[in-house]
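Understanding the architecture of this molecule
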Amino acid sequence: MNNKERADLLAQEMVANLNYNVLKEAAEDEKHQLISLLFKVLAFSAEKHRTQTRKDIDKSPYINHPIALANILAQRGVIDENVLCAAILHDTIEDTKTTADELRKHFGEKITSIVLEVSDDKSLDKEVRKQLQIDHAASLSQEAKLVKLADKIANITDIINTPPVKWTKERKQDYFAWAKAVVDNLRGAHQGLEKEFDDLFKTKIS
């Protein structure tokens, strides 16, 4: 399976999860509105991340990562459209030239505010940013906590299954420990997501 086929499959899986877990009790017009919004967000994020790849051996398209977050949330029954959209957009401000004003123009204040909550300040040193994620996790909004949980789940899943090519075992272990420190300050946000993270955290790293 090539990278385009993998991205298409992830998008199809996201819609399937939404149909089963999120949209099954919604009215038809609500379903169409949410699907339309999500694909608008997906197209925007895909365009912003179009030149970026993940660090795995296949250099997977970066957009696979935001789609994975939406999948994780949909699988756990998260139905808030603001959370799902923010998950797909969560790295646009931090990792592309997207501005907060641009997000507000296209998607409104609420989605933008969630994205801003989960965005690191890239002007700070990496270790400072990592510590701030730990320190600020407990004070995030409920919506931002859900996005942050899904992000950590997606990242450690990738480290287990498709790790960055240059990462040593020690670096993987360091990431796991740091991610757990962040998640520990998100406790109480969503039991299912927290359990999913905890189960993955028990995986033996090679």
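1. Observations concerning the packing of helix α10 (residues 169–184) against helix α11 (residues 191–201)
Running from N to C, α10 and α11 point in directions that differ by 160°, and their axes come no closer than 11 Å. The pairing of α10 with α11 is recorded here as roughly antiparallel in orientation. Relative to α11, α10 is oriented so that their crossing is left-handed. Side by side, α10 and α11 meet where F176, A177, A179, K180 and V183 of the first sit next to F197, L200 and F201 of the second. Per-class residue counts for the contact of α10 with α11 are seven nonpolar, no polar and one charged.

2. Remarks on the packing of aromatic side chains
The tally for this structure, following the rule as stated, stands at five aromatic pairs. Look at Y175 and W178: their rings are 5.3 Å apart centre to centre, the planes differ by 70°, and that puts the pair in the edge-to-face class. Pair noted here: Y175 and W178 are both in helix α10, with a separation of three residues, about one helical turn. Each member of the pair Y175 and W178 is classed as buried. Through pairs of rings, three or more aromatic residues link up here, namely W167, Y175 and W178. If you follow K130 out to its NZ or CZ, it ends over the ring of W178, 5.4 Å from the centre. In this structure, K180 is placed above the aromatic ring of F201, and the distance from its NZ or CZ to the ring centre is 5.9 Å.

3. Details of the side chain of D56
By secondary structure assignment, the location of D56 is in the loop between α2 (28–48) and α3 (64–75). We note that D56 is buried and unpaired, the nearest opposite charge coming from R54 at a distance of 5.7 Å. In this structure the side chain of D56 is engaged in a polar contact, spanning 3.1 Å, whose partner is the backbone nitrogen of D58. A distance of 3.0 Å separates polar atoms of two side chains, one belonging to D56 and the other to S60. Setting aside chain neighbours within four positions, we find D56 in contact with T162, P163, P164 and V165.

4. Here we look at the pattern of salt bridges
Under the criterion given, the structure shown has 15 salt bridges. We note a salt bridge from R76 to E196, for which the minimum N-O separation is 3.0 Å. With R76 in the loop between α3 and α4 (81–89) and E196 in helix α11, this pair connects stretches of sequence that are 120 residues apart. Among the ionic pairs, D198 bridges to R187, the shortest N-O distance being 2.9 Å. Note that D198 is positioned in helix α11 and R187 in the loop between α10 and α11, a separation of 11 residues in sequence. One salt-bridge network, in which partners are shared between bridges, spans K180, D184, R187 and D198.

About the criteria used
- Residues numbered from 1 in each chain as written.
- Predicted model: local features only at pLDDT ≥ 70, side-chain atom pairs only at ≥ 80, totals over all residues.
- Heavy atoms only, no water.
- Axes fitted to C-alpha atoms, helices over the stretch in contact; angles between N-to-C directions.
- Helix = DSSP H or I, 4+ residues; strand = E, 2+ residues; numbered from the N terminus.
- Parallel < 35°, antiparallel > 145°, perpendicular 65-115°, else oblique.
- Left-handed = near helix turned anticlockwise from the far one by under 90°.
- Contact = heavy atoms within 4.5 Å.
- Nonpolar A, V, L, I, M, F, W, Y, C, P; charged D, E, K, R; others polar.
- Phe/Tyr/Trp six-rings, centres within 6.5 Å; stacked < 30°, edge-to-face > 60°.
- Buried < 20%, exposed > 50% of the residue type's maximum accessible area, 1.4 Å probe, protein only.
- Lys NZ or Arg CZ within 6 Å of the ring centre and 35° of its normal.
- Lys, Arg positive; Asp, Glu negative; His and termini not counted.
- Salt bridge = Lys/Arg side-chain N within 4 Å of Asp/Glu carboxyl O.
- Polar contact = N/O pair within 3.5 Å; in protein donor to acceptor, adjacent residues only side chain to side chain.

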